[in-house]
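Structural description and commentary
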Amino acid sequence: MRRYETIFIVDNDLSEEERSPIFEKLKDLIQQHNGLQVMVDEWGTKRLAYEIKKKARGYYVCLDYCGSGTLVDEIERFFRIDDRVLKYMTVVLDKDVDIENVKEEIAKAEEAKAAQAKTEEAKAEEAKAAQAKTEEAKAEEAKAAQIDTPDVEPTDEPDAESKTSEEQKDETTENETTLPENKVEEA
């Protein structure tokens, strides 16, 4: 049994629901021909180097599987018939594959994915906890600022702002009259 990698480009205008039957058909073809689907890696939407069927963008998918030459022929026949597939290319990765080793590889990849998801979840929880702590600290600072601010009691003496313009004029004339007297005394 050989290991193959087929990269194909699907029409970008298709939604997720319209693309899923293509993947289901490929899965069925691999099972019908006694193959093993190793991995389906969806690379996503990318700009094409040149237009294919008047499309400037395509949805790239990498399919890694084990099987015989008849399986590859059947998959490529399906791609030629289906108008949703713009382009495809199949490459032989290994000419003689041990299925047990491939199954172990698949299991390790799934474990790695699970571990990565777990660490990402833990990081997200830590970020939420840190954000909650900063919000609590800000709330405590706001409370402390309210407590530290003394309450100002009103007094009977008028402020400089509340003085009338006549009182301000009287103060300026007093200052002007006292200045020349000081000068005379010094001389």
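Rules and cut-offs
Residues numbered from 1 in each chain as written. Predicted model: local features only at pLDDT ≥ 70, side-chain atom pairs only at ≥ 80, totals over all residues. Heavy atoms only, no water. pLDDT = per-residue confidence, 0-100. Helix = DSSP H or I, 4+ residues; strand = E, 2+ residues; numbered from the N terminus. Phe/Tyr/Trp six-rings, centres within 6.5 Å; stacked < 30°, edge-to-face > 60°. Buried < 20%, exposed > 50% of the residue type's maximum accessible area, 1.4 Å probe, protein only. Salt bridge = Lys/Arg side-chain N within 4 Å of Asp/Glu carboxyl O.

Confidence along the chain averages 81 in pLDDT terms, with 79% of residues attaining 70 or more. Ranking the helices and strands of the chain by mean pLDDT puts strand β1 (residues 2-11) first, with 93, and helix α4 (residues 165-186) last, with 55.

A separate point is the packing of aromatic side chains. All chains considered together, the criterion is met by 6 aromatic pairs. When the centroid spacing of 6.4 Å and the interplanar angle of 55 degrees are considered together, the rings of F8 and F23 count as tilted. Residue F8 is found in strand β1, and its partner F23 is found in helix α1 (residues 16-32); the two are separated by 15 residues along the sequence. A relative accessible area of 0% places F8 in the buried class. According to the relative accessible area criterion, F23 is buried, its value standing at 16%. Measuring from centroid to centroid gives 6.4 Å for W43 and Y60, while their planes differ by 15 degrees, and the two rings are stacked. With W43 in strand β2 (residues 36-52) and Y60 in strand β3 (residues 55-67), this residue pair connects regions lying 17 residues apart in the sequence. The class of W43 is partly exposed, set by a relative accessible area of 38%. Judged by its relative accessible area of 17%, Y60 is buried.

So, on to the pattern of salt bridges. Applying the stated criterion across every chain, the model contains 7 salt bridges. Taking the shortest distance from any N to any O, the salt bridge between E105 and R3 comes out at 3.0 Å. Placement of E105 in helix α3 (residues 99-148) and of R3 in strand β1 is noted, with a sequence separation of 102 residues between them. A salt bridge links K55 to D13; the nearest nitrogen and oxygen atoms lie 2.6 Å apart.

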